[in-house]
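These are the residues of each chain, in order.
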Amino acid sequence: MTGEKVDLLVRNAAELVTVAGGSARPRRGREMAEIGLIEDGAVAVKDGRILAVGRTAGVMERVKVGESTTVIDASGKVVLPGLVDPHTHLVFAGSREYELEMKIEGVGYLEILARGGGILDTVRATRAAGREDLIAAGLKYLGEMLAQGTTTAEAKSGYGLTLADEVKMLEVVRELAQRQPVDLVPTFLGAHAVPPEYRDDPGGYVDLLVEEMLPAVVRAGLAEFCDVFCEEGVFSVEQTRRILARARDLGLKLKLHADEIVSLGGAELAVEMGATSADHLVHVSEEGIRRLARSNTVAVLLPATTFCLMGGQYAPAREMIEQGAAVALASDFNPGSSPVNSLPAVMGIACRQLKMKPAEVITAVTINAAHAIGRAAEVGSLEPGKKADLVIFDAPSYRYLMYRFGTNLVQTVIKSGKIVVGG
Ligand code: IZC
Ligand code: ZN
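Residues numbered from 1 in each chain as written. Chains lettered and ligands numbered in written order. Predicted model: local features only at pLDDT ≥ 70, side-chain atom pairs only at ≥ 80, totals over all residues. Heavy atoms only, no water.

Trainee: Give a detailed account of the pattern of salt bridges, specifying residues and quantitative values.
Mentor: Taken as a whole and judged by the stated rule, the model has 26 salt bridges. Between D165 and R127 there is a salt bridge, with its nearest N and O atoms 3.9 Å apart. With D165 in helix α6 (residues 163-179) and R127 in helix α4 (residues 119-128), this residue pair connects regions lying 38 residues apart in the sequence. Exposure remark for D165: the relative accessible area of 15% places this residue in the buried category. Here the salt bridges do not stand alone but share partners, grouping R127, D165, K168 and E197 into one network. (Salt bridge = Lys/Arg side-chain N within 4 Å of Asp/Glu carboxyl O. Helix = DSSP H or I, 4+ residues; strand = E, 2+ residues; numbered from the N terminus. Buried < 20%, exposed > 50% of the residue type's maximum accessible area, 1.4 Å probe, protein only.)

The following block contains the structure:
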């Protein structure tokens, strides 16, 4: 067979981790350990898409390498699908490093919020910020993420809390998507906190969300998902159900900040509403785990947040996996509870604190993360036809990535067939 001429070829990878075969539905339970590992692997790319994947010898037989083909020798290296970060609060102004002392002294996250700080502090800064400042900050953070292997990320609004400011944030997300390589999936999180203007009338803010903000955001085509911070003292289960039902009627897909700090039945609600993902789940109930395990709702765990909040209790990842849930991992990058935008850092924490095995962690930041944002047909695995998003790590095995926690081992990032980091 005379092969097709390819634009780019990565060859001789010590370990090529394809995570292939999971595009139709998320990998759950035991399947999470199946990562499609190929030794001495190669990937051939044409027109930004993957053309062939397999052992180097086999791929070389099927494709033609011409003078214009970029050939990367990945001997001694690990190649993974571009990492997918399915939960970030990417767009915000300012920072909240002053919360460190409060947290060390034991002031709780919800207490800081109740005092008018936390999210509300970032809301003040983000409302005051101009678009260009938000874009400049977003570009900087996305550059950091890309340099650590993230090629697709979800990005939420939620620091505006007025229609105009939420629209401003989502327009910034759209602009960011055009100005740099990381693909972005926009989520409307108008229900992130009750804004100060509605402090004494939280129900009035829920009315505003449902009657005005959601329809306007949908009309403008600015969001794919709707998310709610369902938490004690923030939005109740009843309010959350009302907001999500309206969002679903308007055609948005659903996500939910569920059972992060207090067990409210967030996981059960996410499954009931047919949410694409339920996120956090540190305090998920037994029944919540059972329902997640029987649903297609992806459990997105955010262990860097627990680490940064200095909480002793992490999400029960092992129990979720053992019961058959589909687990993904995300950074939760935000200025308060997780100023961490490195998925490799999250992966290192996931092994040690969630007791997830390295292979499960790989699935959780690739194909399952892609399912959590409705992108599994396009990214999250190395398979013919998918976007050619690849990361080459200076590591001899995939386990080494989690083992060497704290050092950026990314050597090269390829996005849609183009080298965007390293060489
Ligand atoms: O700014 O604190 N948990 N939302 C829900 C956050 C954390 C972001 C923040
Ligand atoms: Zn969040």
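Anyway, onward from the coordinates.
Trainee: How would you explain the side chain of H371 if you had to name every residue and give the values?
Mentor: Mapped onto the fold, H371 is located in helix α15 (residues 367-372). A polar contact is formed between the side chain of H371 and the backbone oxygen of G22, at a distance of 2.6 Å. In this view, H371 contacts G22, S23, A24, R25, P26, T276, V298 and A376; residues no more than four positions away in its chain are not counted. (Polar contact = N/O pair within 3.5 Å; in protein donor to acceptor, adjacent residues only side chain to side chain. Contact = heavy atoms within 4.5 Å.)

Trainee: Describe the coordination of the zinc ion (ligand 2), listing the residues and the values that go with them.
Mentor: Every protein donor of the zinc ion (ligand 2) is listed here as H87 (NE2), H89 (NE2), H257 (NE2) and D332 (OD), and their distances to the metal cover 2.0 to 2.5 Å. Its four donor atoms give the zinc ion (ligand 2) angles of 79 to 163° at the centre, a pattern that matches the irregular case. Mapping the donors of the zinc ion (ligand 2) onto the primary sequence gives the spacing H-x1-H-x167-H-x74-D. With H87 in the loop between β6 (83-85) and α2 (99-104) and D332 in the loop between β13 (327-329) and α13 (343-353), this residue pair connects regions lying 245 residues apart in the sequence. Exposure class is identical for H87 and D332. Each is buried. (Donors = N, O, S within 2.8 Å, 3.2 Å for Na, K, Ca; no water. Tetrahedral: all angles 85-135°; square planar, octahedral: opposite > 155°, others 65-115°.)

Trainee: Run through a nonpolar patch on the surface, naming residues and quoting values.
Mentor: Together, L100, I104 and M310 make up an exposed nonpolar region whose accessible area comes to about 310 Å². By secondary structure assignment, the location of I104 is in helix α2. (Patch = residues over 30% accessible without salt bridge, like charges linked within 9 Å, V, L, I, M, F, W, Y side chains within 5 Å. Areas by Shrake-Rupley, 256 points an atom, 1.4 Å probe, with all protein chains shown as cover.)

Trainee: Before we move on, can you summarise empty space enclosed by the protein with the specific residues and values?
Mentor: Summed over all chains, the structure comprises two cavities of 30 Å³ or more. In terms of lining residues, the largest cavity is bounded by 14 residues, among which H89, Y109, H192, N334 and S337 are the most central. Broken down by class, the residue content of the lining of the largest cavity amounts to four nonpolar, seven polar and three charged. One number sums up the size of the second largest cavity: a volume of about 30 Å³. Forming the boundary of the second largest cavity are P81, G82, V379, G380, S381, K387 and D389. (1 Å grid on protein atoms, 1.4 Å probe; cavity = no way out; pocket = protein on both sides within 12 Å on 5 of 7 lines; lining within 4 Å. Points joined across faces, edges and corners; volume = space filled by probe spheres on them. Nonpolar A, V, L, I, M, F, W, Y, C, P; charged D, E, K, R; others polar.)

Any functional reading would require information that these geometric values do not contain.
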